[in-house]
Amino acid sequence: MGFRLPAPELLKELKNAYNGRGNARLAGDTNDTLVHIEKLPARPATFGELSSPLPPSLSAALERRGIRQLYTHQVESIEALRQGHNIALVTATASGKTLSFNLPVLETILKEPDATALYIFPTNALMNDQLATLNGWLDELEEAGKNIRAFKYNGGLGDDEKKAVRRARPNILLTNPELVHLSLTAWHKAWPEFLKNLRYIVVDEVHTYRGVFGSHIAHLLRRLRRVCALYGAKPQFVCCSATIGNPAELVEKLTGLEDFKIISNDGAGKNERYFVIWQPPTFVGETANATAEPVTRSYLEETVDLFKMLNGYKYSTLCFSRLRRYAETMYRMCQEQSSTRQMQGVTVYRAGLRNEERVAIETGLKKGEVGGVFSTNALELGVDIGGLDAVIIAGYPGSQMAVWQQAGRAGRGDKDAAVFLVASQNPIDQYFLANPTALFNRQPESALLNVENENIARQHLLCMAKELPFNRADLQKYYPESVIKLAEKLLAEKELVNRRGYCLYPGEDNPHARLSLRTSTTRKFGIVNTSSGREIGLIEPPNLYTETHPGAIYTHAGETFRVERLDERANKVYVRPEVTTHSTSSVARTTIKMEPNPEERTVTLRPGLSLKVGRGRGEVVEQVYGYREEPLFRRNSRRADVVNLDYPLTIQSHHELLRLVLPPREKFGMIAAFDSGLHGLEHLLLGLLPLEVMCDPTDIGSTSDGADILHNAQPVIYLFDSCEGGAGFVHGCYERVEDLLQLAYSTVKSCRCAAGCPACVQSARCREANDKVSKQGARQILQFLLTA
Ligand SMILES: [Zn+2]
Ligand SMILES: [Zn+2]
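Residues numbered from 1 in each chain as written. Chains lettered and ligands numbered in written order. Predicted model: local features only at pLDDT ≥ 70, side-chain atom pairs only at ≥ 80, totals over all residues. Heavy atoms only, no water.

A. A look at the domain arrangement of the chain. Domain boundaries assigned for the chain yield domain 1 (7-42 + 270-284 + 295-441), domain 2 (47-263), domain 3 (454-514), domain 4 (525-580) and domain 5 (588-786). Domain 2 and domain 3 are separated by 29 Å when their C-alpha centres are compared. Between domain 2 and domain 3, the contact holds 18 residues from the first and 16 residues from the second. Taking both partners together, domain 2 and domain 3 bury about 1,600 Å²; carbon and sulfur atoms supply 59% of that area. (Domains from an automatic or database assignment. Contact = heavy atoms within 4.5 Å. Buried area = accessible area lost by both parts, 1.4 Å probe.)

B. Molecular detail of the side chain of glutamate 205. Along the chain, the position of glutamate 205 falls in the loop between strand E8 (198-203) and helix H9 (211-230). Despite its burial, glutamate 205 pairs with no opposite charge; the closest candidate is lysine 97, at 5.4 Å N-O. Here glutamate 205 is in contact with Pro122, Leu126, Cys240, Leu381, Gly382 and Gln405, once residues within four sequence places are set aside. (Helix = DSSP H or I, 4+ residues; strand = E, 2+ residues; numbered from the N terminus. Buried < 20%, exposed > 50% of the residue type's maximum accessible area, 1.4 Å probe, protein only. Lys, Arg positive; Asp, Glu negative; His and termini not counted. Salt bridge = Lys/Arg side-chain N within 4 Å of Asp/Glu carboxyl O.)

C. Structural detail: the coordination of the zinc ion (ligand 2). Within the first shell, the zinc ion (ligand 2) binds the protein through His679 (NE2), His683 (NE2) and Cys766 (SG), at distances of 2.0 to 2.2 Å. Going along the chain, you hit the donors of the zinc ion (ligand 2) in the pattern H-x3-H-x82-C. Residue histidine 679 and its partner histidine 683 are located together in helix H22 (residues 674-688), separated by four residues, close to a single helical turn. Residue classification places histidine 679 among the buried residues on the basis of a relative accessible area of 7%. A relative accessible area of 3% means that histidine 683 is categorised as buried. (Donors = N, O, S within 2.8 Å, 3.2 Å for Na, K, Ca; no water.)

D. Spotlight on the packing of aromatic side chains. Summed over the entire model, instances satisfying the criterion amount to 17 aromatic pairs. Here the aromatic cluster, defined as three or more aromatic residues joined through ring pairs, consists of Tyr18, Trp278 and Phe420. Its guanidinium or amino end placed over the ring of tryptophan 137, arginine 65 lies 4.1 Å from that ring's centre, counting from NZ or CZ. Lying over the aromatic face of tyrosine 625, arginine 589 brings its terminal NZ or CZ to 4.2 Å of the ring centre. (Phe/Tyr/Trp six-rings, centres within 6.5 Å; stacked < 30°, edge-to-face > 60°. Lys NZ or Arg CZ within 6 Å of the ring centre and 35° of its normal.)

Put into structure tokens, the structure is as follows:
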């Protein structure tokens, strides 16, 4: 793209142009747009030496690529695999991870031509990218007279193509979890040679295997290990991960194995980068009277401006946003405001693109021909796209890990680069605006999963029995006692039958077909358009009642529908098309029954003051009794009245719970809005929890009671995993409640709003539609708890 300013000079110009735009004059406020600039120093590459050289054909291929030395982490990986270890490779995007496992895999196959390896990728884009890289190697090896075969095996192949892949006896098979589930384990008899010779299982991007999806994968990998054992193979695992707080714990939980060697010393060099925290301007009293609430400019508009500005400065820029809708909206806004010439080389990257379109963008990026891309987090994973001059992260992407994955895309050749985090109105973004250095000092979150989730384990045990009957000793090799107990329960329920001490799946059908690796329930409701009679979508509990109760407005592919009725017997939701600019939000009451005697700890917050934190299971009863219907963009704060349903819809389910029992109310002294303050505190904890454990905001729910009769009328807050049976999220916060409370206090203290806003005590997920939520009250409660 020709000459561009070095990053420090660019930032100086941006400061001049943007700082001081707002006019908010609340105590302690800054009107600066570039709130913080952190210089991330350059890091030189470090290289290592292998104890014994690679086979000549591999060394020659490396040399042709201009690679004369291997990075330290690549050397460590190769040595550890040669010695028979399982490894977890925890290094940045574009650090040459692929080479760390391709070299030892190819080395093994060159020595033992029958050896096989299985590569598992969470997305098809990654699989295609890696296959292209691998084929480059294999073509060169073929010229050297070595015939190594690699194929992809995914849902896009027809039955004949799949058969052809199996017949071709691949050395390396690239696939995804779904096909491991539906083919390699379910139909292991179709893969005897491949499984018998299986030496390596490479699981790429393991940090994506968390929560419900991760819990499924943990079972799937155990099933895979078990069928391998049947054919006498004991493959080594190579797990690749982005930087997370608990790589060792994650890979052990995922695979059920314990002897992993963690390789995290990233030897790849990095140039200087500048990380900017960017605050959209806030204006007070522009339009209305002096007491009006401050108005903050939309962070999406702000991002488009910045993107255009960077583009003008000849910075090739990649802009990440959380949702496809946002990426597309920003691209459109950019298009409307720019000339055709300016838009040349600007594009949008998201899931759902055709393969050619995606590859064209990836190649354009790699060659440096693309001027700018609006992307969803699809490009956060390791697809090889080279580096860019700048990365904009539009809104905190949900985890520290994602921040660094996305920031890792900045930096090309020997030039410096810039990263921008444009803050949205969410509490976490606001927290980082007020505490910018925390973004650089916080430990990355932990990735959690729960192999003991009963709903998930139950389905996999059935699949396992169908694959090969098991007995108790068999299960003990893979599972904790609770899962073994569950197998006994399945026997009692006649889901499994006992034949000479072995558990058998009694049906002729295939339990694999009923299992979806991405959800915890098998119950799905079809959404039927009554005017066409066609099914337009599927919805599952728990969203069923909150999003498709009678009267709800349901949006599908940009069209709006009104829910007419819900047929629970037929598992159907009937909707009719209705053109409207309104949306509905359900209102519900939540009650919780925790199982007796949960694990409990006392947290002393300050001398003489403590609260009790409990961790256990329990029943969550949610009663959706009505909804509010309001324009999509509400112009004032007056809420519409609640429309009551003819009869309430009750969802009753078992979850993992975290319970906070606060000190007795009278200790707090006079707090005028105590109950609504507690409600605000509940929202703050809910909104900030993803800073501690890696999860989506929708993965957790909450409720609170200012005077819980089960706890001597003490105030109680409950947090729970929203997936039935639990995914390990709230339990992962058991030890970190103090941190969460501190985060909540700091957020509520520094929020600019007067009476509470979505950046602090209000929550988009509030079941009571943010009725009775007090910022002042939340602040006073936290002040009492945390300061003497
Ligand atoms: Zn606020
Ligand atoms: Zn609420």
